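If you want the building blocks of each chain, they are given just below.
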Amino acid sequence: MADDVAVQLQTLDPERWLTVLLAPRALRPDLIALYGFNLEIAKIREITREPLIGAMRLQWWRDVIEAVFAGAKIPHHGLAQLLAATIRTHALPRAPFDRLLDARELDLEPEGPADLTALDAYARATGGGLCELAVRILGVSDAVALDAARAIGTGWALLGIVRATPFLAGRRQTMLPADQRGIHGVTTTSLFEARAGNGIRLVVEPIAHSARRAFEEGRAMRAAVPRRARSPLLLATLADAHLADLARAGYDPFQLPEPRKDAALRLAFCWLRGRF
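This report concerns the structure included in the present document. (Residues numbered from 1 in each chain as written. Predicted model: local features only at pLDDT ≥ 70, side-chain atom pairs only at ≥ 80, totals over all residues. Heavy atoms only, no water.)

Topic: the environment of alanine 236
Then comes step 1: Checked against the element boundaries, alanine 236 lands in helix 14 (residues 235-248).
Then comes step 2: Contacts of alanine 236, omitting those with residues within four sequence positions, involve Ile152, Phe215, Arg219 and Phe276. (Helix = DSSP H or I, 4+ residues; strand = E, 2+ residues; numbered from the N terminus. Contact = heavy atoms within 4.5 Å.)

Description of the packing of helix 3 (residues 28-42) against helix 7 (residues 95-103)
Then comes step 1: At their nearest, the axes of helix 3 and helix 7 sit 11 Å apart, and the two run at 20° to each other. The angle between the axes of helix 3 and helix 7 places the two elements in the roughly parallel class. Of the two elements, helix 3 crosses helix 7, and the hand of that crossing is right-handed. In this structure, helix 3 uses Leu34, Phe37, Asn38 and Ile41 to contact helix 7, whose residues at the interface are Phe97, Leu100 and Leu101.
Then comes step 2: In the contact of helix 3 with helix 7, the residues fall into six nonpolar, one polar and no charged. (Axes fitted to C-alpha atoms, helices over the stretch in contact; angles between N-to-C directions. Parallel < 35°, antiparallel > 145°, perpendicular 65-115°, else oblique. Left-handed = near helix turned anticlockwise from the far one by under 90°. Nonpolar A, V, L, I, M, F, W, Y, C, P; charged D, E, K, R; others polar.)

Some thoughts on unusual backbone geometry
Then comes step 1: For arginine 172, which is not glycine, the phi torsion reads 60° and is therefore positive.
Then comes step 2: Within the element layout of this structure, arginine 172 appears in the loop between helix 10 (165-170) and helix 11 (178-183).
Then comes step 3: Its identity is not glycine, yet tyrosine 251 carries a phi of approximately 65°, on the positive side.
Then comes step 4: Mapping tyrosine 251 onto the fold places it in the loop between helix 14 and helix 15 (263-272).
Then comes step 5: You can call tyrosine 251 buried: its relative accessible area is 12%. (Buried < 20%, exposed > 50% of the residue type's maximum accessible area, 1.4 Å probe, protein only.)

Describing the packing of aromatic side chains
Then comes step 1: Tallied over the entire structure, the rule returns four aromatic pairs.
Then comes step 2: Here the aromatic rings of phenylalanine 37 and phenylalanine 97 are separated by 5.8 Å at their centres, their planes lie at 55°, and the arrangement is tilted. Of this pair, phenylalanine 37 sits in helix 3 while phenylalanine 97 sits in helix 7, placing them 60 residues apart in sequence.
Then comes step 3: Take phenylalanine 37: its relative accessible area is 0%, and that puts it in the buried class.
Then comes step 4: Each ring, one from tryptophan 60 and one from tryptophan 61, has its centre 5.0 Å from the other, and the planes form 85°; the classification is edge-to-face. (Phe/Tyr/Trp six-rings, centres within 6.5 Å; stacked < 30°, edge-to-face > 60°.)

As for the layout of surface pockets
Then comes step 1: Its volume calculated, the largest pocket comes out at about 1,500 Å³.
Then comes step 2: For the largest pocket, the lining is made up of 40 residues, of which Leu12, Asp13, Gly160, Arg163 and Ala164 are closest to its centre.
Then comes step 3: It is helix 9 (residues 143-163) that contributes the most residues to the lining of the largest pocket, six residues altogether.
Then comes step 4: Looking at the lining of the largest pocket, its residues break down into 20 nonpolar, six polar and 14 charged. (1 Å grid on protein atoms, 1.4 Å probe; cavity = no way out; pocket = protein on both sides within 12 Å on 5 of 7 lines; lining within 4 Å. Points joined across faces, edges and corners; volume = space filled by probe spheres on them.)

Right under this line is the structure:
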């Protein structure tokens, strides 16, 4: 089962997978279990168009988390078993899991978040919480280091939302804030048909700036993060190139180039220099 999760992660979340390869070998299976769980609940939006079914899937995972922390029996489900072992081995706190699952309810709404504040809260609960848990698995629980992890994870989630805009539009969904779309005249029809015009740039640019600020915030606390816990934060290194591509595209996610092929090289270079 662990190998299956690793293959899925490598295929569906390849940039995060690369950061796993730079973590201590003994801890990679636990990171894979955590990231596999994240992938599983993130996929709910893609594998079902019926909100009720999606809500039921989220509730199933809530019940798993409840069982883990209650010391109860875990369902006979490979990933659930792996996640339970990871949580117990590293004494991970429950709150980030609850916030992550609660935030994923927004995935089931076709209109996305109401405003930038709601979007940032979503990114902090999903990407930020996930990065915090990864750093804890790597043996670090210092408050400043966790703040750095949450900031980097939040920035990565915000950037991911922008990059996923064309994919979601193809499924007639969006995570771009409703108020900003209204202000700039981006209707769901125009967005879903990829003809939002200049308005899409005006909606996306402040999200990109928020992501950039989050990365700057996390990097300002770099000294508090021991080297052994920095691999999850290397996503910030990859984000620099994505943000540059987005700026060159005039903040139009429909004009982004194909993904770069040098991610592994850039990660290795920054890892060797102790940067993120």
